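Structural description and commentary
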Amino acid sequence: MEKRFDKALLLCPGKYSLTNSLYDILAELSGEVIIHDPVSDLSAGELKINSQIYRFPHSIRKRWEEWFSRKANQALLDLVSRIEPEVIMVYNSFFLRPETCSMMKKKSLLVFFMGDSPFYTPLNNYYLSCLTYADLIISPDSIWNEQLNTMGLRKTLHLFPGPDTRSYFRAEGSDKESGGLGTDILYVGSCYLNSWGYKKAYLMSRFTDFNFRIYGNSAWKRWFSFFPELKSVYKESGYISTEALNRMFNLTRLIPVDGNPGILAGAHIRMAEALAAGALPLIEYRIDVENILFKDIGHEIPLIRDYSKAGDMASYWLSDEKGRREVADSMFDYLSEKYSAAMNAARIEEVL
C-alpha cells in the first residue's frame, strides 16, 4: 500500500500489546509513526491525586480538575505543534477536552480507537463530546457503533486489532522448563468492588476444581465471602510485565476471557493475546465474536454461553489436548490473516 501520510501520532499507553497492533496499522499508512503516552506528561504525584480527587468536596475537585486538565491538554497541544502529524490516533480519549480536539483538527486528521465504551465506562468526562470531532471512530464493538450512529456520529468503523506477536508468542521449550509452575487454566486481571467484580468472580468460581490460578489486585478479596473457593486459587499481584505474562500464558492451556460489562457485543483483546501465546481462550459469549470476528472460520469456537456450563467446557478441552491445540492454531491463523495490519489499514484507508 502506498503511504497516505508522512507522519502519524499515536496517543496510547506504551505498555499495552494493543499499542503495537495500532502502531503496525499506522505504519502501513504513514512513513513515520510516533508513539506518545499522555500519562508521561504528568508526575506520579499528580496522577495519584487525580485518581482520588473524586473523594474531595466539589469546590476543591473542580479547581483541581481545571488545573490538571489545562496542564495535560497544553502538553498534548505542544507535542502536536512540535511534530506536526498529518493524522492523530487516540486510544479512548485520555485527558482530551473538546476545544483541544478542535485545535488538533486544524492541521491533522483525528482518529479515535475506542478501547472502552464511551457510554458505560467511567473515564474522561469529555470522552463522548471529544468523539464529535473525529474524522473516524474505530470500535471493536458493533453496538458501540450503533449507539454513536443513533447520536448522529456516523464516521464509525468496526475493526478488531490483530494479535501482537512481538509481545505474545509461543516460546520454545516452555513445557520442559515449567518446573511445575504451569497451570491448566489461568486468569490474570483486576477485579472490581462493584457488581462488575461479582460477575467476574462468579465466572471464575466455575474453574476452581481444576489446576487453576488467579493473579490480580486486592479487589478479588471482596468476593471471597460469596465464593470462598476462590481464596485458595488467588494470588495478589501488581503489574506483571508483558514478558512474564507471555511466559505464564505459554505455561497454561486455557484462559477464560470474560466480557467486561462495558463490552456489549465485541471481544476483549485478551482473546488475541491468549491465542498468540498458544493458549485456548474460553470466551464469554458476545455476538460479534461469533457473527463477525470468526464468522467464516468453519468450526465451533469455545464460547461460554452459560456460566453453569463453563466447568464442563473446560473439562472437555482439557481432555482433548490435540483438539485444543488445533482449535487454538486455527483461531490464531484466522484472526492473524483477517485482521492483519495490512488488512486493517486498508479498511481505514477505504473509509477515510
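Look a little higher up for the structure.
What this report covers is the structure whose coordinates are included nearby. (Residues numbered from 1 in each chain as written. Predicted model: local features only at pLDDT ≥ 70, side-chain atom pairs only at ≥ 80, totals over all residues. Heavy atoms only, no water.)

1. Quick word on the overall build of the chain
Inclusion rule: Put simply, DSSP marks the helices as runs of H or I at least four residues long and the strands as runs of E at least two long, and each gets a number from the N terminus on. Each radius of gyration is computed over the set of C-alpha atoms, and the globule rule expresses the reference value as 2.2 Å times the number of residues to the power 0.38. Note on exposure labels: buried denotes an accessible area under 20% of the residue type's maximum, exposed denotes more than 50%, and partly exposed covers the range between, all computed with a 1.4 Å probe on protein chains only. Pairs of residues are marked as contacts when any of their non-hydrogen atoms sit within 4.5 Å. Surface accessibility follows the Shrake-Rupley procedure with a 1.4 Å probe radius. Residue values consider only the protein chains on display as shielding. His is not counted, nor are the chain ends; Lys and Arg add positive charge and Asp and Glu add negative charge. Taken as the charge centre is NZ of Lys, CZ of Arg, CG of Asp or CD of Glu, depending on the residue.
The helix and strand inventory of the chain stands at 13 helices and 12 strands. In terms of overall size, the chain behaves like a compact globule, its C-alpha atoms giving a radius of gyration of 21 Å where 352 residues would be expected to give roughly 20 Å. Summarising its shape, the C-alpha atoms of the chain cover approximately 60 × 55 × 40 Å along the three principal directions. Buried residues in the chain amount to 51% of all 352 residues. A fraction of 69% describes how many contacts in the chain between residues 6 or more apart in sequence connect residues 24 or more apart. Surface accessibility of the chain: about 16,700 Å² in total, with carbon and sulfur atoms responsible for 51%. The positive charge centre, built from 41 side chains, and the negative charge centre, built from 44, are 7 Å apart in the chain.

2. Describing the sheet that holds strand E5 (residues 136-139)
Just so we agree on the cut-off: Note on pairing: two strands pair once DSSP finds at least 2 bridges between them. Here an axis means a line fitted to C-alpha atoms, over the contact stretch when the element is a helix, while the angle between two N-to-C directions is reported on a 0 to 180 degree scale.
If you walk across this open sheet you meet the 6 strands as E2-E1-E3-E4-E5-E6, and the pairing is parallel. Two strands close off the open sheet at either side, each with one partner strand: strand E2 (30-36) and strand E6 (156-158). The average angle at which neighbouring strand axes cross in this sheet is 20 degrees, direction not considered. The pairing of strand E1 (residues 5-11) with strand E3 (residues 87-91) spans 4 bridges and is classified as parallel. Directly across from leucine 10, in E3, lies its bridge partner methionine 89. Those strands touched by helix H3 (residues 58-83) are E1, E2 and E3, and its axis lies near 165 degrees from that of E1.

3. As for the nonpolar core
Inclusion rule: By nonpolar core we mean a set of buried residues, namely Ala, Val, Leu, Ile, Met, Phe, Trp, Tyr and Cys, connected to one another through side-chain atoms within 4.5 Å.
Grouped together as the largest cluster of nonpolar side chains are 59 residues, with contacts concentrated most on Met204, Phe207, Ile214, Met271, Val289, Phe294 and Met331. Counting residues per element, this core draws most heavily on helix H12 (residues 321-338), which supplies 6 residues. Dropping the residues within four chain positions of it, methionine 331 is found in contact with Leu275, Leu280, Pro281, Ile283, Phe294, Ile297, His299, Ile301 and Pro302. Formed by 52 residues, the second largest nonpolar core is a distinct cluster that contains Leu110, Tyr127, Leu131 and Leu153.

4. Points about the pattern of salt bridges
Which entries qualify depends on this criterion: Take a side-chain nitrogen of Lys or Arg and a carboxyl oxygen of Asp or Glu: if they are within 4 Å of each other, that pair is a salt bridge.
Taken as a whole and judged by the stated rule, the model has 18 salt bridges. The partner of lysine 105 in a salt bridge is aspartate 135, and the shortest N-O contact between them spans 3.1 Å. Of this pair, lysine 105 sits in the loop between helix H4 (98-104) and strand E4 (109-113) while aspartate 135 sits in the loop between helix H5 (127-131) and E5, and the two are 30 residues apart along the sequence. Of the charged contacts in the structure, one is a salt bridge between lysine 309 and aspartate 306, with a shortest N-O distance of 3.3 Å.

5. Focus: the side chain of threonine 242
By the secondary structure assignment, threonine 242 is in helix H8 (residues 242-250). Under the relative-accessibility criterion, threonine 242 is labelled buried at 17%. Those residues within four positions of threonine 242 in sequence are excluded, and the remaining contacts are Lys15, Ser167 and Tyr168.

6. Topic: the pairing of strand E10 (residues 254-257)
Keep this limit in mind: A clockwise path from the first strand over the helix to the second, with the strands pointing away from the viewer, defines a right-handed crossover.
Residues of E10 alternate between two faces, with Leu254 and Pro256 on one and Ile255 and Val257 on the opposite face, all of them buried. Of the pairings in the sheet, the one linking E10 to strand E11 (residues 280-284) comprises 4 bridges and is parallel in character. What sits directly across from leucine 254, in E11, is leucine 280. Crossover E10 to E11 through helix H9 (residues 270-276) is right-handed.

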